[in-house]
Amino acid sequence: MNTVYPLKTLNQLRPLLVGFRKEKGLTQKDVSEKLGVTQQTYARLEANPAAASLDRLFRVFNVLGIEMVFSSQSDPEKPSMEENKPDYLSTPARKEQW
């Protein structure tokens, strides 16, 4: 089952990373070993993921099985109440002529 967790601020990134890690039954040590870094290095990243590079975050996402999906809302001030199911065939990139 794919569950969507909207990320609207960088402050939400830390609890999401911790939640995904714990959901997988992994410790910080487990994740650090899969990444090839020390536990202390991963702990610093998890404590402040907003300071990490996008490349490092994607490596963590890969280990945790997280897929990042971008979407837009017609009115950014009004949150969508519908489940966010991306329609990949109608994305702006698919409509662009190559």
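By the naming in an unreviewed UniProt entry, the protein chain is Helix-turn-helix transcriptional regulator, taken from Rahnella ecdela.

## So, helix H1 (residues 13-23)
The periodicity of an α-helix, 3.6 residues per turn, causes residues three or four positions apart to be oriented the same way. Every buried residue belonging to H1 is among Leu13, Leu17, Val18, Phe20 and Arg21, and all of these are buried. Projected onto a plane normal to the axis of H1, the buried residues spread over an arc of 165 degrees and lie on a single side. Away from the buried face of H1 by more than 90 degrees, exposed residues Pro15, Lys22 and Glu23 are located. Looking at the packing, one finds that the buried side of H1 touches helix H2 (28-35), helix H3 (39-47) and helix H4 (54-64). Downstream of H1 by a residue or two, Gly25 has a phi angle that is positive, lying close to 75 degrees.

## What to know about the nonpolar core
Core analysis: the largest hydrophobic core is formed by twelve residues, namely Leu13, Leu17, Phe20, Leu26, Val31, Tyr42, Leu45, Leu57, Val60, Phe61, Leu64 and Ile66. Elements with a contribution of two residues or more to this core: H1, H3 and H4. Residue contributions to this core peak at four residues, all from H4.

## Focus on the packing of aromatic side chains
Under the counting rule described, the total for this entry stands at two aromatic pairs. Taking the centre distance of 5.5 Å and the plane angle of 85 degrees together, the rings of Tyr5 and Phe20 count as edge-to-face. Of this pair, Tyr5 sits in the segment before H1 while Phe20 sits in helix H1, and the two are 15 residues apart along the sequence. Accessibility expressed as a relative area gives 43% for Tyr5, which makes it partly exposed.

Reading the values: the criteria
- Residues numbered from 1 in each chain as written.
- Predicted model: local features only at pLDDT ≥ 70, side-chain atom pairs only at ≥ 80, totals over all residues.
- Heavy atoms only, no water.
- Buried < 20%, exposed > 50% of the residue type's maximum accessible area, 1.4 Å probe, protein only.
- Helix = DSSP H or I, 4+ residues; strand = E, 2+ residues; numbered from the N terminus.
- Arc of directions from axis to C-beta.
- Contact = heavy atoms within 4.5 Å.
- Core = buried A, V, L, I, M, F, W, Y, C linked by side-chain atoms within 4.5 Å.
- Phe/Tyr/Trp six-rings, centres within 6.5 Å; stacked < 30°, edge-to-face > 60°.

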